[in-house]
Amino acid sequence: MKQILSTKYLPFISIFSLIALIPLVISKDQYAMVLVTTVLLYAVLASAWNIIGGMAGQLDLGAGAYIGLGAFTTGTLLTRWNITPWIGMFIGGFVSVSFAILIGLPLFRFKIKELWYALTSSALVEVLRIVFLMWDEVGGPTEKYLPGGGDNALYSLRFSTYIPYFYIILIFLVIVIYLNHRIRNSKLGFSLLALGEDEDAAEVLGVDARGNKLKALMIYSFIVGTVGGLYACLYGFLHPSFFSTEISTEVVILGIVGGMGITYGPFLAAIFLVSFREYLRAALGGELAGLYLAVYAVVLIVVALFQPRGIAPLFRRLFEKVIRSLGGREHESSAKASS
Amino acid sequence: MLDMTVQSIITGLMMGVIYALITLGISIVFGVLNVVNFAHGDFVMFSMYLSYMIGTALVWDAVQTPLITIPVLFIFGFIVYYLIIDRTLRQMYVVQLAVTVGLQIFMRSMALIIWKAQPRALQYSIIQGNIQIGPYTILTSRLVAAIISLIFIAGIAWFLNKSWAGSAMRAASDDLDMASLVGVNYRRTYALTFAIGSALTAVAGGLLMSFQQTDPVGGIRFGFLSWCVLALAGLGSIPGLIISGMIVGVAETVTITFFDPRSRLLVIYGIFILVLWFKPRGLFGRK
Amino acid sequence: MNHPPKLQVNNLTVNFGNLMAVNNVSLEVYPGEIAGLIGPNGAGKTTTFNAITGLIIPSSGKVFFNGHDITGMLPHKICRLGMSRTFQVIKAFAHMTVEETVRVGAYNRCNEKNVYKKVDQIIKLCDLADLRDKLCSDLGLAILRRVELARALATEPEMLLLDETGAGLNQTELLSFMDLLRKINMEYSITLLVVEHVMQMVMGVCSRIVVLDSGEVIATGNPESISTNPKVIEAYLGKRVPQCY
Ligand SMILES: Nc1ncnc2c1ncn2[C@@H]1O[C@H](COP(=O)(O)OP(=O)(O)OP(=O)(O)O)[C@@H](O)[C@H]1O
Ligand SMILES: [Mg+2]
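Everything numeric in this text was worked out from a predicted model, so none of it was measured.

Undergrad: A description of the overall build of chain B should follow, citing residues and the corresponding values.
TA: The secondary structure content of chain B amounts to 11 helices and two strands. With the C-alpha coordinates aligned to their principal axes, the bounding extent of chain B is approximately 60 × 45 × 35 Å. With 287 residues in all, chain B has 58% of them scored as buried. For chain B, long-range pairs separated by at least 24 residues make up 78% of all intrachain contacts whose partners lie at least 6 apart in sequence. For chain B, the exposed area adds up to about 11,700 Å²; of that, 68% sits on carbon and sulfur atoms. Side chains of chain B carry 17 positive and 10 negative charges; the gap between the two charge centres is 4 Å.

If you want it as C-alpha cells, here you go:
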C-alpha cells in the first residue's frame with residue numbers, strides 16, 4: 001500500500017520539489033522572483049476556481065470580490081487590533097464564505113439558470129469596490145498601508161523579500177491541487193461534474209444540486225479569501241482596487257484555458273499565460289497597458305473554439321509520448337495517476 | 001423636496017425607456033439563444049464611440065449617427081455570431097458564457113487602446129433646450145431619446161409578432177426541435193437575433209451621445225443596468241420590460257439626487273439581488 | 001392487485017401557458033409490475049414523467065410514491081426515496097466515461113468503499129464492459145440510452161420510469177433489451193413504468209397499459225384489450241401511426 005501511494009504521487013512530489021528549488025537559483029533576480037510568485041498566486045486562484053467552475057460548471061466571476069474581502073479583513077484586523085495575518089487571513093476566508101453563501105443560497109435553487117449566478121458574482125466585485133471606496137473608515141480612495149515589517153516581519157507577515165511569500169504560496173498551491181485531486185475522485189467531485197454536465201440528469205440520479213454547488217462555492221471562496229489576506233500582506237497596503245474585475249476574469253480564463261475539471265490544468269495555464277502577460281507588460285509598457293487583457297481574451301476565445309477541453313490534454317499526450325520514447329513503461333501508470 | 005423628487009422621477013422615467021431599449025437586445029438574444037451576451041454593455045459603449053467618431057468627422061448630430069451605426073453594428077453582430085457564438089453553442093454552458101466574457105474584455109481593452117482613458121462627448125445637439133412644465137424641467141434631448149426608444153421597442157415588438165422572421169425567432173425560443181421540424185434554419189435565426197440585439201445598441205448609443213459622454217469602462221454600467229432590468233422584467237413581456245426599465249431608471253436618478261452618486265450601482269445591485277431572491281422569474285416573466 | 005399501489009397519480013394537471021399538456025390524469029402502478037404509458041406524439045407522456053419525478057411542478061394534482069406525497073418534491077429527494085428515470089432526449093454526461101457516469105448514480109446509495117463493486121455489477125448487468133472507458137460524447141444514441149438505464153439502475157431504485165429507452169434499436173437489440181427489462185423487473189424486483197412507441201415492445205413486456213391522448217387518459221387495461229379498444233385506435237389513426245420496426 002505504501003509503495004503504491006509513493007509511486008502514485010511521485011510526479012506530484014517531484015514536480016513540487018523542483019519548484020521549491022527555484023528561489024535557490026534566481027533569488028538574486030528580483031524581477032524573476034516576482035514573476036514566479038505571481039504565477040503561483042494565480043495558479044492557486046485558478047485551481048480553486050476549478051472546483052466551482054471547472055467541476056460544477058458555474059461561471060463564477062467573483063474571485064476579485066473574495067480577494068478584496070480577504071485582504072480588507074486581514075489588513076483591518078492587523079491595523080486596528082494587531083491580529084496577526086496568520087489568523088486574519090483565515091478569518092478573511094470565512095468572511096468571503098459568508099458573502100458567497102449570501103449569493104449562492106438564492107441562486108443555486110433548482111431550475112434557476114446558471115446565468116444568474118454568473119451575472120451576480122460578476123456584479124458583486126464592482127459593487128464591493130464601490131462600497132469600500134465609499135466606506136472611509138476601512139477603505140477609501142487612498143491606500144491604507146499596513147504596519148509591520150522589520151523585526152515584526154513574521155508576526156505581521158510583511159517580509160522584505162519575495163522568498164517567504166513564494167514558499168507560503170507554494171504550500172497553498174500544493175494544498176489546493178491536492179484538494180482538487182481528492183475532490184475529483186470522491187462523491188462530491190462526481191456530483192459536481194454531473195451537475196456541470198446536465199443538472200436535470202444529475203438531480204434524478206440523487207445529486208443535490210444546491211447542496212453540492214454550495215459546498216463547492218464555500219471551498220472556493222474560502223481559498224480565495226484566504227489568498228486575499230496574503231495578497232494584502234504582499235502588497236503592504238489596502239485599496240478598493242483589490243476588488244478587481246480583471247483578476248476575476250483572469251482566473252476564469254486560466255481555469256478554462258487550462259482545462260476544466262482537470263486537476264493540474266489551471267496551473268499549466270498560469271505558467272504560460274501569466275508569464276506571457278508579464279513579458280508583454282515589460283515589453284510594451286504603459287502605452288499599451290490594456291493590451292495583455294485583449295490578448296488573454298483572444299486566447300480564451302481561440303481555446304474555447306478549437307480546444308474546448310483546454311490545453312492540459314495536449315500536455316498529457318506530449319508527456320506520455322516523451323515517457324514512452326524514454327522507454328519507461330512503468331511510468332505510464334504514474335503519469336495517469338497525476339491527472 | 002417634493003419638486004426634486006418629482007423632477008428626478010421624470011428624468012428617471014425617460015432614462016428608463018432607453019435602458020429598456022438596451023435590455024431588449026439582451027432579452028431577445030437570451031430568449032432565443034439561451035445565452036446572455038456579457039459584452040452587451042460594451043456594445044453600447046462601442047456604439048457610443050462610433051457615434052462620437054461619426055459625429056465629429058461628419059459634423060453630424062448625435063441622433064443622426066445611428067443611420068450609420070445601426071448597419072455597422074448589425075453586421076458586427078452577424079460577424080460575431082458566425083465567428084464566435086455559433087461555434088460554442090454545442091459546448092458547455094460555462095464555456096458559452098465565458099466566451100462572451102472574453103468578448104467583453106477584448107472590446108474594453110481595445111477601446112482603452114484606441115480611445116485612451118479620457119471620456120469623449122459630442123459638442124452639442126440640435127435637440128437642445130428644455131421644456132418647462134410648472135416647476136419641472138424636461139431636457140428635450142432626453143425626451144426625444146425616450147420617444148425614439150419607444151418607437152424602436154414598439155417596432156421590434158411588431159416585428160416579433162407579425163413577420164415570418166419574428167415567428168421563426170419565437171419558434172426557436174420555444175422549442176428548437178419543433179422549430180427545425182417546421183423548417184426554421186436555426187443558425188440563420190440565431191444570427192439574425194444576435195445581429196438585431198447588436199443593432200439595438202447602436203440606436204441606444206446614438207441617443208445616449210446626445211446628452212452623455214462615453215468612456216471605455218462605461219460598458220460595465222450599461223451591462224449592469226440591463227442585467228437588472230432583465231432580472232426585473234423576466235422574459236417575454238414587452239410592457240414589462242419598459243416598466244422594469246423605468247423602475248431602474250427612477251431608482252438610479254433618485255439615488256443620484258438624494259444620496260451619493262457613486263452609490264447608484266449599489267441600489268441597482270440591491271434591486272437585482274432582491275428580485276433574484278424573491279421573484280427569480282422576474283416580475284413580469286412568462287418563462 | 002390487493003397491494004397498495006407503488007405509484008399513485010391523482011388528477012395531475014400541467015399547463016404551459018394556455019396549453020394543457022397533462023389534463024386531470026390519474027393512474028396507478030402496482031409493486032412488481034411493468035406498466036406501459038403510451039399515446040400519440042405530444043400526448044403528454046414525457047410531461048407526466050417530468051411531473052412525477054419532480055422536474056416540473058404540476059399545476060394541480062398529487063403524486064404518491066409508496067404512500068408518501070412527493071408532489072413538488074425536489075428530484076434528488078425523490079431519487080433517494082427510490083425512484084429514478086431515463087430521458088427521451090438523451091441527457092448524457094458528455095465529458096465523462098461510461099464508468100464515471102454509472103458511478104454518479106451509484107453514489108446515491110453507496111459510499112466510497114462499496115461504490116466500485118456497485119459500478120462493476122451494473123456495468124456487467126447492462127453489458128457495457130467493453131465501453132466502460134469510452135467518453136459518452138463518443139457513443140451513439142442507442143448505446144447512450146443503455147448508459148442512461150445503467151446509471152439509473154445504479155441508484156438502486158425501487159421503481160424506474162423509462163422514456164422511450166427502446167427507440168432506435170434494431171430487432172435483435174430490441175429483443176435483448178426486452179430481456180434486460182424483464183430481468184431487472186424479476187431479479188431485482190424493480191417496478192417499471194415505460195413510455196414506448198415501439199408497439200412490439202409495449203405489447204411484449206407490459207402487463208398493463210395506460211393510454212394518453214391530448215393530455216387525458218383514454219383507456220387503461222391489459223395489452224389485448226388496449227389493442228382492440230376503438231378509442232385507442234382512433235387516437236392513433238387520427239394522429240401519427242405508431243412506429244413499428
Ligand atoms: N417546456 C414546455 N413548454 C411548452 N410546451 C411544452 C413543453 N414541454 C412540452 N410541451 C408541450 O406539451 C405537449 C406534451 O408534450 P410531451 O413531450 O409530454 O408529449 P409526449 O407524449 O412525450 O410526446 P412524444 O411522443 O413526442 O415524446 C406537447 O404539445 C408539447 O409541445
Ligand atoms: Mg415524450
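Structure shown, so let's carry the discussion forward.
Undergrad: Can you break down the overall build of chain A residue by residue, with the values?
TA: Helix and strand counts for chain A stand at 16 helices and two strands. Taken over the C-alpha trace, chain A has a radius of gyration of 20 Å; the compact-globule value for 339 residues is 20 Å, and the two agree within 12%. Overall, the C-alpha framework of chain A stretches about 60 × 55 × 45 Å when taken along its three principal axes. Within chain A, counting contacts between residues at least 6 apart in sequence, those at least 24 apart form 77% of the total. Separation between the mean location of the 25 positive side-chain charges and that of the 21 negative ones in chain A comes to 8 Å.

Undergrad: Tell me about the interface of chain C and chain A, and name the residues and values.
TA: Contacts between chain C and chain A engage 26 residues on the former and 22 residues on the latter. Between chain C and chain A, roughly 2,100 Å² of surface is buried when both sides are summed, and carbon and sulfur atoms account for 64% of that area. Across the chain C-chain A interface, the total number found is two salt bridges. Here Asp-200 of chain A and Lys-91 of chain C are joined by a salt bridge, their closest N and O atoms 3.8 Å apart. For the side of chain C that touches chain A, the secondary structure elements donating two or more residues are α2 (75-81), β6 (83-85), α3 (98-106) and α5 (141-154) of chain C. Across the side of chain C that touches chain A, the residue classes tally to 12 nonpolar, seven polar and seven charged.

Undergrad: Before we move on, could you go through the interface of chain B and chain A and cite the residues and values that matter?
TA: The interface is formed by 41 residues belonging to chain B together with 52 residues belonging to chain A. Here chain B packs against chain A, burying approximately 4,000 Å² in sum over the two surfaces, 80% of which is carbon and sulfur. Area buried by chain B at its contact with chain A is led by Met-92, Val-94 and Trp-277 of chain B, which between them contribute 15% of it. Inspection of the chain B/chain A interface yields zero salt bridges. Every element with two or more residues in the side of chain B that touches chain A is listed here: α3 (66-88), α4 (93-115), α9 (218-233) and α11 (264-278) of chain B. In terms of residues, the side of chain B that touches chain A owes the most to one element, α4 of chain B, which gives 13 residues. Here the residues of the side of chain B that touches chain A sort into 30 nonpolar, six polar and five charged.

Undergrad: Go over the nonpolar core, please, and point to the residues and values.
TA: Formed by 256 residues in total, the largest nonpolar core has its most connected members in Trp-49, Leu-59, Tyr-66 and Trp-116 of chain A. Sequence-distant contacts of Tyr-66 of chain A, defined by excluding residues within four places in its chain, comprise Asp-60, Ser-96, Ala-100, Ile-103, Tyr-117, Leu-124, Leu-217, Tyr-220, Ser-221, Val-224 and Gly-225 of chain A.

Undergrad: Talk me through the state of the cysteines; I want residue IDs and the actual numbers.
TA: All names here are of chain C. Under the defined criterion, the tally for this structure stands at zero disulfides over all chains. The thiol of Cys-110 is not disulfide-bonded; the next cysteine sulfur, from Cys-79, is found 12 Å away. Left unpaired, Cys-126 is separated from the closest cysteine sulfur, that of Cys-136, by 13 Å. For Cys-126, a relative accessible area of 1% gives the class buried.

Undergrad: Just give me the short version of the coordination of the magnesium ion (ligand 2), but keep the residues and values in it.
TA: Residue and element names in this part refer to chain C. Here the magnesium ion (ligand 2) is held by Thr-46 (OG1) and Gln-88 (OE1), and the distances to it run 1.8 to 2.1 Å. Placement of Thr-46 in helix α1 (residues 45-52) and of Gln-88 in the loop between β6 and α3 is noted, with a sequence separation of 42 residues between them. By relative accessible area, Thr-46 is classed as partly exposed at 25%. The class of Gln-88 is partly exposed, set by a relative accessible area of 29%.

Undergrad: So what's going on with the pattern of salt bridges? Residues and values would help.
TA: Residue and element names in this part refer to chain B. Under the definition given, this model contains 20 salt bridges over all chains. Arg-108 serves as the salt-bridge partner of Asp-42, at 3.1 Å between the closest nitrogen and oxygen. Residue Asp-42 is found in helix α2 (residues 40-58), and its partner Arg-108 is found in helix α4; the two are separated by 66 residues along the sequence. With its nearest N and O atoms 3.2 Å apart, the salt bridge here joins Arg-221 to Glu-252. Of this pair, Arg-221 sits in helix α9 while Glu-252 sits in helix α10 (residues 238-258), placing them 31 residues apart in sequence.

Undergrad: I'd like to hear about the sheet that holds strand β10 (residues 216-221) of chain C, residue by residue, with values.
TA: Residue and element names in this part refer to chain C. If you walk across this open sheet you meet the six strands as β6-β7-β8-β3-β9-β10, and the pairing is mixed. This sheet does not close on itself; its edge strands, each paired only once, are β6 and β10. Looking at each pair of strands side by side, their axes are set apart by 15 degrees on average, direction ignored. With four bridges joining them, strand β3 (residues 34-38) and strand β9 (residues 208-213) adopt parallel strand pairing. Paired with Leu-37 across the bridge in β9 is Val-210. Each of β3, β6, β7 (159-163), β8 (191-195) and β9 is contacted by α1, which is oriented at about 150 degrees to β7, the strand it contacts most. Relative to the sheet, helix α6 (residues 171-186) contacts β3, β7 and β8, its axis offset from that of β8 by approximately 150 degrees.

Undergrad: Let's hear about the sheet that holds strand β1 (residues 7-16) of chain C: which residues, and what values?
TA: Residue and element names in this part refer to chain C. Pairing is antiparallel in the open sheet, where four strands are placed in the order β2-β1-β4-β5. Every interior strand has two partners, whereas the edge strands, β2 (19-29) and β5 (68-69), have only one. Sheet analysis places strand β4 (residues 60-65) next to β5, joined by two bridges and oriented antiparallel. Its bridge partner lying in β5, Phe-64 is registered against Asp-69. Against the sheet, α1 touches β1, β2 and β4, its axis set at about 115 degrees to β1.

Undergrad: Give me the packing of α3 of chain B against helix α8 (residues 186-209) of chain B: which residues, what numbers.
TA: Residues and elements named next belong to chain B. Viewed as axis vectors pointing N to C, α3 and α8 meet at an angle of 140 degrees, and their least axial separation amounts to 7 Å. When you trace α3 past α8, the crossing you get is right-handed. By residue class, the composition of the contact of α3 with α8 is 19 nonpolar, five polar and three charged.

Undergrad: Kindly report on the site of ligand 1, identifying the contributing residues and their values.
TA: Residues and elements named next belong to chain C. Near ligand 1 lie 13 residues; those nearest to it are Gly-42, Lys-45, Thr-46, Thr-47 and Gln-88. In this structure, an oxygen atom belonging to ligand 1 sits 2.9 Å away from a side-chain N or O atom of Asn-41. His-197 has a polar side-chain atom sitting 2.9 Å from an oxygen atom of ligand 1. Considered on its own, ligand 1 offers 630 Å² of accessible surface; in the complex 64% of this is hidden by protein. If you list the elements that add at least two residues to the shell around ligand 1, you get β2 and α1. In terms of residue count, the dominant contributor to the shell around ligand 1 is α1 (three residues).

Undergrad: Explain the side chain of Asp-163 of chain C residue by residue, including any values.
TA: In this fold, Asp-163 of chain C is placed in strand β7. Side-chain polar atoms of Asp-163 of chain C contact the side chain of Thr-46 of chain C, separated by 3.0 Å.

Undergrad: Got a sec to walk through the packing of helix α14 (residues 291-306) of chain A against α3 of chain B? Specific residues and values, please.
TA: As a packed pair, α14 of chain A and α3 of chain B sit with axes 9 Å apart at the nearest point and diverge in direction by 50 degrees. If you check the angle between α14 of chain A and α3 of chain B, you find them oblique. Seen from above, α14 of chain A lies across α3 of chain B with left-handed handedness. Residues Ile-301, Leu-305 and Phe-306 of chain A of α14 of chain A form the contact with α3 of chain B, whose own contacting residues are Leu-83, Ile-84, Arg-87 and Thr-88 of chain B. The class makeup of the residues in the contact of α14 of chain A with α3 of chain B is five nonpolar, one polar and one charged.

Undergrad: Any chance you could break down unusual backbone geometry for me, citing the residues and the numbers?
TA: Notably, Asn-82 of chain A is not glycine yet its phi reads approximately 55 degrees, a positive angle. By the element assignment, Asn-82 of chain A lies in the loop between α4 (63-81) and α5 (85-107). Residue classification places Asn-82 of chain A among the partly exposed residues on the basis of a relative accessible area of 48%. Even without being a glycine, Ser-189 of chain C presents a positive backbone phi close to 40 degrees. With respect to the secondary-structure elements, Ser-189 of chain C resides in the loop between α6 and β8.

Here is what the cut-offs are and how they apply
Residues numbered from 1 in each chain as written. Chains lettered and ligands numbered in written order. Predicted model: local features only at pLDDT ≥ 70, side-chain atom pairs only at ≥ 80, totals over all residues. Heavy atoms only, no water. Helix = DSSP H or I, 4+ residues; strand = E, 2+ residues; numbered from the N terminus. Buried < 20%, exposed > 50% of the residue type's maximum accessible area, 1.4 Å probe, protein only. Contact = heavy atoms within 4.5 Å. Areas by Shrake-Rupley, 256 points an atom, 1.4 Å probe, with all protein chains shown as cover. Lys, Arg positive; Asp, Glu negative; His and termini not counted. Charge placed at Lys NZ, Arg CZ, Asp CG, Glu CD. Rg over C-alpha atoms; globule rule 2.2 N^0.38 Å. Buried area = accessible area lost by both parts, 1.4 Å probe. Salt bridge = Lys/Arg side-chain N within 4 Å of Asp/Glu carboxyl O. Nonpolar A, V, L, I, M, F, W, Y, C, P; charged D, E, K, R; others polar. Core = buried A, V, L, I, M, F, W, Y, C linked by side-chain atoms within 4.5 Å. Disulfide = S-S within 2.5 Å. Donors = N, O, S within 2.8 Å, 3.2 Å for Na, K, Ca; no water. Pairing = 2+ DSSP bridges. Axes fitted to C-alpha atoms, helices over the stretch in contact; angles between N-to-C directions. Left-handed = near helix turned anticlockwise from the far one by under 90°. Near = heavy atom within 4 Å. Polar contact = N/O pair within 3.5 Å; in protein donor to acceptor, adjacent residues only side chain to side chain. Parallel < 35°, antiparallel > 145°, perpendicular 65-115°, else oblique.

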